[in-house]
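Letter by letter, the chains look like this.
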Amino acid sequence: MNKLLIGYLYKDELNLYGDNGNVEVLSARCARRDIECEIVLISKGNLSAYARLSEINLLFMGGGPDSSQKSIYGDFLEEKEPFIRDYIASGKTGLFVCGSYQLMGDYYRAADGAELKGLGLFKAHTIHFGKNRPRCIGNVRAKINSKLSSDQVFKNVDFLGGAVIGFENHGGRTYLDAGAAPFAHVTYGHGNNSEDGTEGIIVGNCIGTYFHGPILAKNPHLADYLIAKSLNLPELPKLNAGLTVASYTASKKLR
Ligand code: GLN
């Protein structure tokens, strides 16, 4: 069985909400199945320093405050864009959470009005309306888009009926371009913008989402989907899911 090589972008700058836990969950769920997993930390600067870019089969990038997004977006645009563009076009998997999801879109207009140009690889844009609008904070529950949940690989690892739960904390409100596929549809909480019921985005085999939690800790079926998809496996050996099922059952009481 081949190795999961995770490219982890800007770990130090974009990890305010514990999103590095997603990489820990992927690594642990691989280890419990004797799947080799390695993490390549990708920070600011020229990618030529990374000899094994072509071997990366799962990209991850977390969330953070406007200030952290401002500290990396220039590097993200100038140094990383070509690699990520080719990576997505090649059909490889990725998970971009909150602040990084926003920077994968056309632009992020921050709380102070500064417009951070994004990579434009996710057909969406984000606007933070400043203090005039309350932040989107709280528990969130959604139903994954059938575009993803109908994938046989997802069906083979899903044991929660395509639901996904988490926590969100963002001031930016994301608006998908016409025709863009949301990751999920919100059944409790805010999602992309508190207006249209969408949550996140799917582009190729990459997911953008506002779910913290970390999302993969709260949704191990999604973690398993990303592992199997990244390794081109139809499914994975099952792991005990008692605690997860209990947390989902409890989440159904969310009103
Ligand atoms: N700073 C961005 C916002 O407030 C992203 C926040 C995050 O990554 N949780 O919308």
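Reading the values: rules and limits
- Residues numbered from 1 in each chain as written.
- Predicted model: local features only at pLDDT ≥ 70, side-chain atom pairs only at ≥ 80, totals over all residues.
- Heavy atoms only, no water.
- Pairing = 2+ DSSP bridges.
- Helix = DSSP H or I, 4+ residues; strand = E, 2+ residues; numbered from the N terminus.
- Contact = heavy atoms within 4.5 Å.
- Axes fitted to C-alpha atoms, helices over the stretch in contact; angles between N-to-C directions.
- Near = heavy atom within 4 Å.
- Polar contact = N/O pair within 3.5 Å; in protein donor to acceptor, adjacent residues only side chain to side chain.
- Areas by Shrake-Rupley, 256 points an atom, 1.4 Å probe, with all protein chains shown as cover.
- Nonpolar A, V, L, I, M, F, W, Y, C, P; charged D, E, K, R; others polar.
- UniProt positions renumbered as here; feature names shortened; annotations may be inferred.
- Buried < 20%, exposed > 50% of the residue type's maximum accessible area, 1.4 Å probe, protein only.
- Phe/Tyr/Trp six-rings, centres within 6.5 Å; stacked < 30°, edge-to-face > 60°.
- Lys NZ or Arg CZ within 6 Å of the ring centre and 35° of its normal.
- Disulfide = S-S within 2.5 Å.
- Core = buried A, V, L, I, M, F, W, Y, C linked by side-chain atoms within 4.5 Å.
- Parallel < 35°, antiparallel > 145°, perpendicular 65-115°, else oblique.

The next point concerns the sheet that holds strand E9 (residues 163-170). Spatially, E9-E8-E11-E12 is the arrangement adopted by the 4 strands of the open sheet, whose pairing is antiparallel. The open sheet is flanked by E9 and strand E12 (198-199), the only strands paired with a single partner. In terms of strand pairing, strand E8 (residues 136-144) meets strand E11 (residues 184-188) through 4 bridges, oriented antiparallel. Considered in E11, the bridge of Ile144 is made with Ala184. Helix-sheet contacts for helix H8 (residues 242-251) involve E8 and E9, and the interaxial angle to E9 is about 70 degrees.

We now examine the site of the ligand. Around the ligand, 17 residues are found, and the nearest of them are Gly64, Asp66, Gln69, Cys98 and Gly172. Contacts to the ligand include Gly172, whose backbone N or O atom sits 2.8 Å from an oxygen atom. Considering the ligand on its own, with 300 Å² of exposed area, one finds that the protein chains cover 99% of that surface. Among the elements of the structure, helix H2 (66-89), helix H3 (99-104) and E9 are those that each provide at least two residues to the shell around the ligand. When the residues that make up the shell around the ligand are grouped by side-chain class, the tally is 4 nonpolar, 11 polar and 2 charged.

Turning next to the UniProt feature "binding site: substrate" (unreviewed entry) in the protein chain. The positions that UniProt labels "binding site: substrate" (unreviewed entry) are, in the present scheme, Arg135. Tracing the backbone shows Arg135 in the loop between strand E7 (124-128) and E8. Note on Arg135: relative accessible area 38%, which makes it partly exposed. In contact with Arg135, not counting residues within four places along its chain, are Tyr17, His128, Asn169, His170, Gly171 and His190.

Take the packing of aromatic side chains next. Tallying each qualifying case throughout the model produces 7 aromatic pairs. Where Tyr10 meets Phe76, the ring centres are 5.9 Å apart and the plane angle is 75 degrees; that geometry is what we call edge-to-face. Here Tyr10 is found in the loop between strand E1 (4-9) and helix H1 (20-31), whereas its partner Phe76 is found in helix H2, with 66 residues between them in sequence. Both residues of the pair, Tyr10 and Phe76, count as buried. Ring geometry for Tyr101 and Phe122: centres 6.3 Å apart, planes at 55 degrees, overall tilted. Here Tyr101, found in helix H3, pairs with Phe122, found in the loop between strand E6 (115-117) and E7; they are 21 residues apart in sequence, far enough to count as distant. Residue Phe122 is classed as buried on the basis of its relative accessible area, which comes to 0%. Just above the ring of Phe129 sits the side chain of Arg133; from NZ or CZ to the centre is 4.0 Å.

Turning our attention to the state of the cysteines. Under the counting rule described, the total for this entry stands at 0 disulfides. Its sulfur unpaired, Cys30 is 4.5 Å from the next cysteine sulfur, which belongs to Cys37. Just so you know, Cys206 is unpaired, no disulfide at all, and the nearest cysteine sulfur is the one on Cys37, 17 Å from it.

Attention now goes to the UniProt feature "active site" (unreviewed entry) in the protein chain. The feature "active site" (unreviewed entry), as given by UniProt, occupies Cys98 and His212 in the numbering adopted here. What stands out for the annotated residues spanning 115 residues is how close their C-alpha atoms remain, the widest pair being 7.9 Å apart. Not counting the four nearest positions on each side in its chain, Cys98 is found in contact with Gly63, Asn169, His170, Thr209, Tyr210 and His212. As for its placement among the helices and strands, His212 is situated in the loop between strand E14 (205-209) and helix H6 (215-218). The residues touching His212, leaving out its near neighbours within four places in the chain, are Tyr17, Asp19, Gly63, Val97, Cys98, Gly166, Phe167, Glu168 and Asn169.

Counting residues in each nonpolar core, the largest one holds 76 residues, and the members touching the most others are Ile84 and Phe183. With sequence-adjacent residues up to four places away left out, Ile84 is seen in contact with Leu9, Leu59, Phe76, Met104, Leu119 and Leu121.

Where H1 contacts helix H7 (residues 220-230), the two axes come as close as 10 Å, and the packing angle between them is 75 degrees. In this view, H1 runs roughly perpendicular relative to H7, as classed from their interaxial angle. When H1 is examined against H7, the residues Val25, Leu26, Arg29 and Cys30 are found in contact with a partner set consisting of Pro220, Ala223, Asp224 and Ile227.

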